[in-house]
Amino acid sequence: MPGGRLDQDERRQIASGLAEGLAYAEIARRLERPTSTITREVMRNGGPTVYRADIAHRATEHRAHRRRKTAPRGQEAPSQDDGRDAEAVRGFEEALTTVFEQSGLPRMTARVLVSLYTTDAGSLTASELVQRLQVSPASVSKAIAFLEGQGLVRRERDEGRRERYAVDDEVWYQSMIASVRAHARLVETVRQGVLVLGPTTRAAARLEGVARFVDFVGESIARAAEQAREILYTEPEAASDGIAEPDSDHG
């Protein structure tokens, strides 16, 4: 039975097995590995639907490099003292980072976003992010600038007037609305092209098709975002004087 870490070829076989719809146990049997090894490998790299062998291999090498690297004196990462399973938390953070990365975020940006979402406060200062991720202030600043541009984080100040970067339910709503605005700009630009190329040309017809599709999707996103915000994040109004209305059917 093979021992040690999974190699890249084994990860390709895992990805192939997942694509075939095989159970973890069957993939493990083919690789002569414990089922727990396959399960842990898949779950810490995004889960069965998004697992990619090359990304999983790079992520594993990155984790190994981080473990080998000695943290600078006075900059040790904070310990897990909240009763949670530290290894499980790290595995989840890596899995979520991979999902964000596969959705198009740069890796460092994904790591910053995951850090913000997995801290109970929902916000961190730049120095706290530097300490938590063991990276340079410039890396954090660049990641925050990207996330702000996408509407995924917001700036706030705490009681000590320190600037903090925060995420909450409202951030996702604002991000969706920013996406809608980007769709609207695309539609406007594409329809300018329709006029330039001539409304009766095949190129213009192709562009008009793009504009109609993007316009429809943008309107759908805006409507869904507004409905979700109203339904999910609005507290129900209490009954008058805190007393529920009687059921009229029961006199």
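This structure is a prediction, so every number in the text was calculated from the model and none was measured. (Residues numbered from 1 in each chain as written. Predicted model: local features only at pLDDT ≥ 70, side-chain atom pairs only at ≥ 80, totals over all residues. Heavy atoms only, no water.)

Trainee: Quick question: what am I supposed to make of the overall build of the protein chain here?
Mentor: When helices and strands are counted, the protein chain shows 10 helices and three strands. Sorting the 251 residues of the protein chain into buried and exposed places 32% on the buried side. For the protein chain, the share of sequence-separated contacts (at least 6 apart) that also reach a separation of at least 24 residues comes to 56%. Taken as a whole, the protein chain presents about 16200 Å² of accessible surface, with 53% of it coming from carbon and sulfur. (Helix = DSSP H or I, 4+ residues; strand = E, 2+ residues; numbered from the N terminus. Buried < 20%, exposed > 50% of the residue type's maximum accessible area, 1.4 Å probe, protein only. Contact = heavy atoms within 4.5 Å. Areas by Shrake-Rupley, 256 points an atom, 1.4 Å probe, with all protein chains shown as cover.)

Trainee: It is not clear to me how unusual backbone geometry should be interpreted in this structure. Could you clarify?
Mentor: Glycine aside, a negative phi is what most residues show, and trans is what most peptide bonds show. A positive phi angle, close to 55°, is found at E32, a residue other than glycine. Tracing the backbone shows E32 in the loop between α2 (24–31) and α3 (35–43). Not every positive phi belongs to a glycine, and Q134 is a case in point at roughly 55°. Tracing the backbone through its elements, the reader meets Q134 in the loop between α7 (126–133) and α8 (137–149).

Trainee: Just checking my understanding: could you explain the sheet that holds strand β2 (residues 154–157) for this structure?
Mentor: Adjacent strands of a sheet pair through backbone hydrogen bonds, lying either parallel or antiparallel. Here we have three strands laid out as an open sheet, ordered β1-β3-β2, and antiparallel in their pairing. The open sheet has two free edges, formed respectively by β1 (123–125) and β2, since each of these has just one partner strand. Pairs of neighbouring strands in the sheet enclose a mean axial angle of 40°, with direction left out of account. Taken together, the four bridges between β2 and strand β3 (residues 163–166) define a ladder with antiparallel strand orientation. Within β3, the residue paired with R157 across the bridge is E163. Its contacts with the sheet put α7 on β1 and β3, and the angle it makes with β1 is roughly 95°. (Pairing = 2+ DSSP bridges. Axes fitted to C-alpha atoms, helices over the stretch in contact; angles between N-to-C directions.)

Trainee: Whenever I open this one, helix α1 (residues 8–19) confuses me. Can you help?
Mentor: An α-helical turn contains 3.6 residues, so a residue and the one three or four places further along point in the same direction. Helix length check: α1, at 12 residues, gives a terminal C-alpha distance of 17 Å against a target of 16 Å (1.5 Å per residue), a fit within 8%. One or two steps after α1, the chain reaches G21, where phi turns positive at roughly 85°. (Expected span 1.5 Å × (residues − 1).)

Trainee: Whenever I open this one, the packing of aromatic side chains confuses me. Can you help?
Mentor: This model, assessed by the stated rule, comprises one aromatic pair. Here R229 stacks its cationic end above the ring of Y173, 4.0 Å away from the centre of that ring. (Phe/Tyr/Trp six-rings, centres within 6.5 Å; stacked < 30°, edge-to-face > 60°. Lys NZ or Arg CZ within 6 Å of the ring centre and 35° of its normal.)

Trainee: I tried to follow the pattern of salt bridges on my own but got confused; where do I start?
Mentor: Side chains bearing opposite charge may pair, as long as their charged atoms lie close to each other. Here the structure, examined in full by the defined rule, presents 14 salt bridges. In this structure, E148 and R155 form a salt bridge, with 2.8 Å as the shortest nitrogen-oxygen distance. Using a relative accessible area of 39% as the deciding quantity, one classes R155 as partly exposed. Taking the shortest distance from any N to any O, the salt bridge between E156 and R154 comes out at 2.7 Å. Classification of E156 by relative accessible area gives partly exposed; the value is 27%. Taking relative accessible area as the criterion, R154 reaches 33% and is therefore assigned partly exposed. A single network of salt bridges, built from pairs that share partners, joins E20, E26, R29 and R30. (Salt bridge = Lys/Arg side-chain N within 4 Å of Asp/Glu carboxyl O.)

Trainee: Can you help me understand the nonpolar core in this one?
Mentor: Proteins that are soluble and globular tend to have nonpolar side chains buried together. Among the nonpolar cores identified, the biggest contains 20 residues, and V112, L113, L116 and L129 are the most heavily contacted of them. Of all the secondary structure elements, the ones that give two or more residues to this core are α6 (107–118), α7 and α8. A total of five residues in this core trace back to one element, the largest contributor, which is α6. In this view, L129 contacts V112, S115, L124, Q134, V140, I144 and Y165; residues no more than four positions away in its chain are not counted. Ranked by size, the runner-up nonpolar core spans 10 residues in total, among them I14, I27, A28 and A56. (Core = buried A, V, L, I, M, F, W, Y, C linked by side-chain atoms within 4.5 Å.)

Trainee: What is the right way to read the environment of E219 from this model?
Mentor: Take E219: it is sitting in helix α10 (residues 202–233). A residue is classified by how much of its surface remains accessible, and E219, at 46% relative accessible area, is partly exposed. C-alpha separation for the pair E219 and H183, spaced 36 residues apart in sequence, amounts to 9.0 Å.

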